[in-house]
Amino acid sequence: MVVDFFGNPLTSNMCSKCYRDTQAKQKSPAVPDLKAPDLPSVPSTPAPTEVSTTTTASSSDEPGKKIQTDTTRCWNCNKKVGLLGFKCRCDYVFCSMHRHSDKHCCPFDYKGLQKQNLEKLNPVIKGSKLDKI
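Attention here is on the structure that accompanies the text. Just so we're clear, the structure is a prediction, and the values are computed from it rather than from any experiment.

Analysis parameters
- Residues numbered from 1 in each chain as written.
- Predicted model: local features only at pLDDT ≥ 70, side-chain atom pairs only at ≥ 80, totals over all residues.
- Heavy atoms only, no water.
- Helix = DSSP H or I, 4+ residues; strand = E, 2+ residues; numbered from the N terminus.
- Buried < 20%, exposed > 50% of the residue type's maximum accessible area, 1.4 Å probe, protein only.
- Contact = heavy atoms within 4.5 Å.
- Areas by Shrake-Rupley, 256 points an atom, 1.4 Å probe, with all protein chains shown as cover.
- Phe/Tyr/Trp six-rings, centres within 6.5 Å; stacked < 30°, edge-to-face > 60°.
- Lys NZ or Arg CZ within 6 Å of the ring centre and 35° of its normal.
- Salt bridge = Lys/Arg side-chain N within 4 Å of Asp/Glu carboxyl O.

1. A word on the overall build of the chain
On a plain count of helices and strands, the chain comes out with 2 helices and 4 strands. In the chain, the succession of helices and strands from N to C terminus is α-β-β-β-β-α. When burial is assessed residue by residue, the chain has 14% of its 133 residues classed as buried. Taking as baseline every contact in the chain between residues at least 6 positions apart, the subset at least 24 positions apart corresponds to 14%. Total accessible area on the chain stands at roughly 12,200 Å², and carbon and sulfur atoms take up 57% of it.

2. Some remarks on the packing of aromatic side chains
Applying the stated rule across the entire model yields 3 aromatic pairs. For the ring pair Trp75 and Tyr92, a centre distance of 4.2 Å and an interplane angle of 5 degrees mean the geometry is stacked. With Trp75 in the loop between strand S2 (65-68) and strand S3 (86-87) and Tyr92 in the loop between S3 and strand S4 (93-94), the pair connects residues that are 17 residues apart, well separated along the chain. For Tyr92, a relative accessible area of 9% puts it in the buried group. A network of ring pairs unites the aromatic residues Trp75, Tyr92 and Phe94 as a single cluster. In this structure, Lys65 packs its charged tip against the face of Tyr92, placed 5.5 Å from the ring centre. Between the NZ or CZ atom of Arg99 and the centre of the ring of Phe86, over which it lies, the distance is 4.9 Å.

3. Focus: the pattern of salt bridges
Throughout the structure, instances matching the rule amount to 2 salt bridges. When the shortest N-O distance is used, the salt bridge between Asp21 and Lys17 registers 3.6 Å. Taken together, the residues span about one helical turn, with Asp21 and Lys17 both in helix H1 (residues 16-26) at a distance of 4 residues. A salt bridge links Arg73 to Asp70; the nearest nitrogen and oxygen atoms lie 3.9 Å apart. Since its relative accessible area comes to 25%, Arg73 is described here as partly exposed.

Everything listed here is a matter of coordinates, which is why it stays silent on function.
Here it is, written out as structure tokens:
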């Protein structure tokens, strides 16, 4: 059985058990150098902590409509939803409490959409315009 294991440069590319055994054999419990010389240093950037909403003005959306960039949280209450978030037709993600359109004041026109669907499915049928003899 082959086990794929990716070692760590801090432990000489060994798994934790093998590294511990190697250190016990060498009788030197010294901690390895924390900074590896062959790894490039990456400048750290502070993570955004504020609510991730921005206003945009695109041609397809309403002007001034906020877009949701963090889809792991509910748009209404900011509760973590993870993979179980409900995406509404207004393009926001909501938790189970706010998933219905009446719970989050959804601006999407459901009535207009259904009206258009009915018009497509039920075309107007007119009688022929022939004179009866």
